[in-house]
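Take a look at the letters that make up each chain.
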Amino acid sequence: MSEGWLGRDVISILDFDREDLEVLFEEADRMKSLLANGSVPKTLSGRIVALAFFEPSTRTRMSFEAAAKRLGAETIGFTSEEGISVAKGESLADTVRMLDSYADLIVLRHRYEGSALYAAEIAVHPVINGGDGRQHHPTQAMLDLYTVREAHGVIDGLTYGVLGDLRYGRAATSFILSLGLFKPRRVYLIAPPSLEPRAEVMMLIERLGIPAVKARLEDVIGELDVLYVTRIQRERFPDPEEYERVRGAYRVTPSTLEGAKRDLIVMHPLPRVDEIDPRVDSTPHAWYFRQARNGVPVRMALLNLVMGGGAS
Ligand code: NCD
């Protein structure tokens, strides 16, 4: 039974169930058509959303900002530690206390795992995790699933390949775990040996009953309905030499996709570095820019549900 969305923190995709996500997706569909008609009601007028981004971000921050503004809310926030008092030695806890007193909801991105959960324990207002280190990126998983549903009409029964840095990538990890809320036919984990999922993630995959197996892209490309590609998370490598050894280890090109199903969709949370050849962009398989655009209606839906914006 769904707990409902009002006032809820959004820390991990696994805090939610399928019913919660179905409610979110229907709300996102509604937001999408309101956006298309230019008739979005200002349901969050007079409310303030704090965007606390301690780590770089383009899409997550700007789509949250666009989402809040479309619904009539104001935003405050920062995009790095340099401009705020953390540079003077202020703790995360004190920063969160301040934001909590200035705003009605906090979106937090931070390099430390567990930072969003920690902030949620301190803040009275809801906290949304915009990415905590290599751990969770729940709102990315929400818009990813929404994009799969848009492309294929379903999330269940499909064959997924997740390619890239499954060790340090929070978007890839959250996406894989999110499939545990649905019934995928198969999930292929396609990573260079040093970038395979961490033991604790493999244990969760097993516990959730996700039908995941390790594979090589060339062996499974013809079976896939979704190929989710991710960048190697250079900034999270403890040893730069380890990064040098795997950089450029995989790249999706038009010839990689030659044996693919006609309706295979290629997804990527972006930013991409060199793992998808730009020549793929003009093929019907390329869904990553549409995926990024879905960030706005999905985050509008999320803000509206959590902040109790209502229907009009
Ligand atoms: C991802 C992130 O920050 O985890 N980007 C995003 O939010 N769209 C993926 C990445 O940085 O590779």
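Data block above holds the structure.
Since the structure is predicted, the reported quantities are computational estimates derived from the model, not experimental observations.

Peer 1: If you had to explain the pairing of strand β5 (residues 159–163) to someone new, which residues and values would you point to?
Peer 2: Of all the five residues making up β5, five are buried; the element is thus mostly covered by neighbouring parts of the structure. Side chains Thr159, Gly161 and Leu163 of β5 all project onto a buried face; the interleaved residues Tyr160 and Val162 project onto the opposite face, where all are buried too. Here β5 pairs with strand β6 (residues 186–190) via five bridges, running parallel. Bridge pairing links Thr159 to Arg186 in β6. Traced from β5 through helix α6 (residues 170–178) to β6, the parallel crossover comes out right-handed. In this sheet, strand β8 (residues 226–229) lies alongside β5 in parallel orientation, the contact comprising four bridges. Within β8, the position partnered with Leu163 by the bridge is Val229.

Peer 1: Would you mind going over the site of the ligand in detail, with residue names and values included?
Peer 2: Neighbouring the ligand are Thr60, Arg109, His137, Gln140, Arg170, Arg231, Gln233, Pro269, Leu270 and Pro271. With respect to the ligand, the side chain of Gln140 contributes an N or O atom lying 3.2 Å from a nitrogen atom. Interatomic distance of 2.9 Å between a backbone N/O atom of Pro269 and a nitrogen atom of the ligand. Here the ligand has 320 Å² of accessible area as a free molecule, and 94% of this is covered by the chains.

Calculation criteria
- Residues numbered from 1 in each chain as written.
- Predicted model: local features only at pLDDT ≥ 70, side-chain atom pairs only at ≥ 80, totals over all residues.
- Heavy atoms only, no water.
- Buried < 20%, exposed > 50% of the residue type's maximum accessible area, 1.4 Å probe, protein only.
- Helix = DSSP H or I, 4+ residues; strand = E, 2+ residues; numbered from the N terminus.
- Pairing = 2+ DSSP bridges.
- Right-handed = clockwise from strand over helix to strand, strands pointing away.
- Near = heavy atom within 4 Å.
- Polar contact = N/O pair within 3.5 Å; in protein donor to acceptor, adjacent residues only side chain to side chain.
- Areas by Shrake-Rupley, 256 points an atom, 1.4 Å probe, with all protein chains shown as cover.

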